[in-house]
Amino acid sequence: MKIERLLGIIVLLIHRKRMKAEDLSRYFEVSERTIYRDIDSLHRAGIPIVSLSGQDGGYELMDGFKWDKTYLTLDDLLSIQWALRSVEKATGFEDIHELISKINLLIDTVPAQDPSIQLQISHSNNSSQHIQALYKSIQNCTVIRIRYVDHKGSETVRDMEPMGIFLKDYHWYTWGYCLLRKELRVFKLTRIIETYNTDRYFTRRAYTIEDLYGKDDGKADSGIITVGLQFSPEMRAQVLDHFQKDEIMNHPDGTILVKKNYYTVDKAIAQIIGFGNKVRIIYPEELIQKFIACLDNIKKLYTG
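The shown structure was predicted, so the numbers you read here are calculated from the model rather than taken from an experiment.

**Concerning the overall build of the protein**
Summing up its helical and strand segments, the protein has nine helices and twelve strands in all. Every one of the 304 residues in the protein was classed for burial, and the buried ones make up 40%. Across the protein, every contact between residues at least 6 apart in sequence was considered, and the portion connecting residues at least 24 apart equals 59%. For the protein, the accessible surface area stands at approximately 18,800 Å², while carbon and sulfur atoms represent 50% of it.

**Examining the nonpolar core**
Judged by nonpolar contacts, the single largest core of 21 residues is most densely connected at L229, F231, F243 and I272. Those elements that provide at least two residues to this core are β9 (225-231), β11 (256-262), α8 (265-272), β12 (279-283) and α9 (285-301). Not counting residues within four places of it along the chain, the set of residues in contact with F243 comprises L229, F231, I248, V258, K260, Y262, Q271 and F275. Counting 16 residues, the second-largest nonpolar core is a separate cluster that includes L6, A21, L24 and L61.

**Some points on unusual backbone geometry**
Residue P284 is reached from Y283 by a cis peptide bond, and omega for that bond is 5°. Looking at the secondary structure, you find P284 in the loop between β12 and α9. The phi dihedral of C141 is positive, around 55°, even though this residue is not glycine. With respect to the element layout, C141 can be found in the loop between α6 (125-140) and β4 (142-149). For K182, which is not a glycine, the phi torsion comes out positive at approximately 60°. Here K182 shows up in the loop between β6 (171-178) and β7 (183-188).

**Considering the pattern of salt bridges**
If you walk through the whole model with that rule in mind, you get eleven salt bridges. Put simply, E194 and R147 hold a salt bridge, and the shortest N to O gap is 3.2 Å. Pair noted here: E194 is in strand β8 (residues 192-201) and R147 is in strand β4, with a separation of 47 residues, a long-range link. Judged by its relative accessible area of 23%, R147 is partly exposed. A salt bridge links K278 to E234, with the shortest nitrogen-to-oxygen separation between them at 3.1 Å. Taken together, the residues span a long stretch of sequence, with K278 in the loop between α8 and β12 and E234 in the loop between β9 and α7 (236-242) at a distance of 44 residues. One network of salt bridges, with partners in common, ties together R145, D159 and R200.

**Side note on a nonpolar patch on the surface**
Residues I273, L295, I298, L301 and Y302 make up a contiguous nonpolar surface patch of roughly 520 Å² in combined accessible area. With respect to the helices and strands, the residue Y302 is situated in the segment after α9. Here Y302 falls in the exposed class, since its relative accessible area comes to 72%.

**Remarks on the packing of helix α2 (residues 21-28) against helix α3 (residues 32-44)**
Contact geometry for α2 and α3: axes closest at 8 Å, N-to-C directions at 105°. Between α2 and α3, the angle is such that the two are roughly perpendicular. Taking contact as the criterion, the partners of A21, E22, L24, S25 and F28 in α2 are, on α3, E32, I35 and Y36. A breakdown of the residues in the contact of α2 with α3 according to their chemical character gives five nonpolar, one polar and two charged.

**With respect to the sheet that holds β6**
An order of β7-β6-β5-β4-β8 is seen for the five strands of this open sheet, with the pairing classed as antiparallel. The strands lining the two open edges of the sheet, one partner per strand, are β7 and β8. Within this sheet the neighbouring strands show an average axis-to-axis angle of 45°, counted without direction. Sheet topology places β6 next to β7; six bridges connect them, and they run antiparallel. Bridge pairing links Y177 to L184 in β7.

Rules used in this analysis
- Residues numbered from 1 in each chain as written.
- Predicted model: local features only at pLDDT ≥ 70, side-chain atom pairs only at ≥ 80, totals over all residues.
- Heavy atoms only, no water.
- Helix = DSSP H or I, 4+ residues; strand = E, 2+ residues; numbered from the N terminus.
- Buried < 20%, exposed > 50% of the residue type's maximum accessible area, 1.4 Å probe, protein only.
- Contact = heavy atoms within 4.5 Å.
- Areas by Shrake-Rupley, 256 points an atom, 1.4 Å probe, with all protein chains shown as cover.
- Core = buried A, V, L, I, M, F, W, Y, C linked by side-chain atoms within 4.5 Å.
- Salt bridge = Lys/Arg side-chain N within 4 Å of Asp/Glu carboxyl O.
- Patch = residues over 30% accessible without salt bridge, like charges linked within 9 Å, V, L, I, M, F, W, Y side chains within 5 Å.
- Axes fitted to C-alpha atoms, helices over the stretch in contact; angles between N-to-C directions.
- Parallel < 35°, antiparallel > 145°, perpendicular 65-115°, else oblique.
- Nonpolar A, V, L, I, M, F, W, Y, C, P; charged D, E, K, R; others polar.
- Pairing = 2+ DSSP bridges.

On their own, these measurements won't tell you what the molecule is for.
Laid out in structure tokens, this is it:
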């Protein structure tokens, strides 16, 4: 990872004082041209690295350089350290452990972590395995095959060009170009049954994560439905847990109105039914009728 390598270069120059490009290249197992680009990136970031010519020349940090608030404060480093430890537990990446060790070298005296400040990212063993497989596929630009269960419960086998992994609303997702659907898709890791590495390489397409805006689990904006929900006053805590501030309107009588966009009727019903008799659908009428039909079907399971 480039960020890890840049941080590593700084650490080496702090402790070894001066290093040649060829030595840095050998240490990080990259080309000298890559090292030159890294040094240029550090220059642009304001890190005062000087280049000395001659047989004993090389790169070194300018005299008097210290890791002060111009770059990162001790609190910044500790925050990064704690966050990385949480991600390490969630993913099992050995690279992150090495990066934490390098950050530790930048901190002269590490105060004990305040036990009242904890960052914990929940995960399952399966998600951790999928994250590692996807990460290797992204790094190596190899097509990955997944057995996936969609929101309707149907299982499909997808070949995809993975482009990223992200955490949203306590769930891990991966996104990339689906070779089955011929478009960008988002996949929830808990719905991935199995991953298979392939030997097929791909050239990364010109997409960024911003291109995902307007997509959710492969559904486009055109399918969005706007739903009005009215909650009883005792549901205030649950409303704050499940909805965004700009979706919530508090009424003088204590009732709460929520205006929420859903990508499918099924997703709306799945969330609303979890609130039991503490919520009432205000609109749209189509959803109200489908919700009533859903309740009738549930009732049939327990009658006769």
